[in-house]
Amino acid sequence: MALKHHGIHRLGYVRLALADPRLLRAREFYCAQFGLLESRRGPGRLYLRCWHEPFAYSLVLEESNANGLVEIGFQVRDEADLTRLGGLVEQAGVAVARSVAEAELEGLGASIAFAIPGGPRLRLYADMAQPGYVTGYDSPDWVTPRSLRGTPSPFFLNHVAFTAPDPQAAVTFLRQVLGFVVSERIDSADGTLLSALLFRMSKEVGGQELAVFPGPAGNLHHIAFTKEDPNDILVAGMYLREAGVDIDRYGPTRQSYGKTFSLHCFDPFGARLELCAGGRVTEVHSEFEPVVWDEAQLGKALSWYDRDLQTAFLEPSLG
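Given the structure is predicted, the values throughout are model-derived calculations rather than measurements.

Analysis parameters
- Residues numbered from 1 in each chain as written.
- Predicted model: local features only at pLDDT ≥ 70, side-chain atom pairs only at ≥ 80, totals over all residues.
- Heavy atoms only, no water.
- Salt bridge = Lys/Arg side-chain N within 4 Å of Asp/Glu carboxyl O.
- Helix = DSSP H or I, 4+ residues; strand = E, 2+ residues; numbered from the N terminus.
- Buried < 20%, exposed > 50% of the residue type's maximum accessible area, 1.4 Å probe, protein only.
- Pairing = 2+ DSSP bridges.
- Axes fitted to C-alpha atoms, helices over the stretch in contact; angles between N-to-C directions.
- Contact = heavy atoms within 4.5 Å.
- Core = buried A, V, L, I, M, F, W, Y, C linked by side-chain atoms within 4.5 Å.
- Phe/Tyr/Trp six-rings, centres within 6.5 Å; stacked < 30°, edge-to-face > 60°.

Visitor: An account of the pattern of salt bridges is requested, with residue identities and associated values reported.
Guide: Taken as a whole and assessed by the stated rule, the structure comprises 16 salt bridges. The salt bridge partner of Arg-123 is Glu-71, with a shortest N-O separation of 3.0 Å. Of the two residues, Arg-123 is situated in strand 8 (residues 121–125) and Glu-71 in strand 5 (residues 68–76); the sequence distance between them amounts to 52 residues. Taking relative accessible area as the criterion, Arg-123 reaches 3% and is therefore assigned buried. Taken together, the salt bridges that share partners define one network made up of Arg-15, Arg-45, Glu-62, Glu-71, Glu-104, Arg-121 and Arg-123.

Set out below in structure tokens:
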């Protein structure tokens, strides 16, 4: 019998609102330049996924009057977990909204939604449509599909980072209510938590599914996608630069905070995106301890090669 884990299994999707009529610019960037696949369309919505993902989507874009982070979706084991976790969230004093299947997004099963204290809205669900790998399941060719070559074409969604005015409150909620584990953290000189990387299941790339940075409540800091190795990051950087994409201050670089080789860039609407490879292997066990960074080492934590702190990197990218 397969081992069955209770609670959150994986990071499922990120949902963004964009001021982009018919999402034409968004489609051009994310598909033609960044290398995601369009899996479906709905009224005012575009559903995208990476070529190595079996589920229907991992990025949902929707028309809006302003750019912003709408919600982050996580898949749980089953509907019993939805009921149990919904009760725990309500016991913590946070309101929970419940939705039937297909009510919020196409291909999404019954779900619950709530806001992290000082953070964004999370949506938990047990079921999502699963069309399967684009390369198939029968002796697949694990190489980038021909249509995506010449773009970064990431493997899958890796993590999402958001800002919170009180990072410690957000981290406490994620740990105590939802069962997340802190893999790394940055503390100020007086011991106050400034930032943290959190994961729910064993993770090989950076030890994180969520990252918390100081800032306005629930703003997007960045969305990260996985590549295979540092060479892929360098090549992806060339593709992005050739396409005229705005590369952020750090990248390509070794990001000690998470132990990844990373490149950060921006989409046309200001959302910061990361491509990352490598990372610290993390496992949920009773003796696991987080790496703790001192604020005085923040420059080294964010970029091993640069060392000089670029404070603008700490700012959110979308509201």
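Having seen the structure, we can now continue with the description.
Visitor: Before we move on, could you go through the sheet that holds strand 7 (residues 111–115) and cite the residues and values that matter?
Guide: Pairing within the open sheet is mixed, and its 8 strands lie in the order 2-3-4-1-5-8-7-6. Each end of this open sheet is capped by a strand with a single partner; those strands are strand 2 (37–42) and strand 6 (97–99). Strand-to-strand twist of the sheet, defined as the mean angle between neighbouring strand axes without regard to direction, takes the value 25 degrees. The sheet contact formed by strand 5 and strand 8 spans 4 bridges and is parallel. Directly across from Gly-73, in strand 8, lies its bridge partner Arg-123. In the packing of helix 2 (residues 79–91) onto the sheet, contacts are made with strand 5, strand 6, strand 7 and strand 8, and the angle to strand 7 comes to roughly 20 degrees.

Visitor: Give a description of the nonpolar core that names residues and reports values.
Guide: Among the nonpolar cores identified, the biggest contains 66 residues, and Leu-16, Tyr-30 and Leu-178 are the most heavily contacted of them. Sort the elements by how many residues they give to this core and strand 1 (residues 8–18) lands first, with 5 residues. Setting aside its immediate chain neighbours within four residues, Leu-16 contacts Tyr-30, Leu-59, Val-60, Leu-61, Glu-62, Gly-68, Leu-69, Val-70, Leu-220, Ile-223, Ala-271 and Leu-318. By size, the runner-up hydrophobic cluster in this structure holds 12 residues, among which are Ala-211, Phe-213, Tyr-257 and Phe-313.

Visitor: Explain the environment of Ile-112 residue by residue, including any values.
Guide: The topology assignment puts Ile-112 in strand 7. Relative accessible area serves as the criterion here: at 4%, Ile-112 is assigned to the buried category. Note: C-alpha distance between Ile-112 and Ala-97 (15 residues apart in sequence) is 5.5 Å. Ile-112 has contacts with Leu-82, Leu-85, Gly-86, Val-96, Ala-97, Arg-98, Leu-122, Arg-123 and Leu-124, leaving out every residue within four places of it along the chain.

Visitor: Give a description of the environment of Gly-251 that names residues and reports values.
Guide: By secondary structure assignment, the location of Gly-251 is in the loop between strand 14 (246–247) and strand 15 (253–255). With 24 residues separating them in the primary sequence, Gly-251 and Leu-275 have C-alpha atoms 9.4 Å apart.

Visitor: Break down the packing of aromatic side chains for me, citing the residues and quoting the values.
Guide: Aromatic ring pairs are reported here in terms of the distance separating the ring centres and the angle at which the planes meet. Counted according to the given criterion, the structure contains 13 aromatic pairs. With a centroid separation of 5.5 Å and 75 degrees between ring planes, the pair formed by Phe-199 and Phe-288 is classed as edge-to-face. On the criterion of sequence distance, the pair formed by Phe-199 in strand 11 (residues 193–199) and Phe-288 in the loop between strand 17 (272–278) and strand 18 (291–294) is long-range, its members being 89 residues apart. Like Phe-288, Phe-199 is buried. Through a chain of ring-to-ring contacts, three or more aromatic side chains come together here, namely Tyr-13, Tyr-47, Tyr-57 and Tyr-125.

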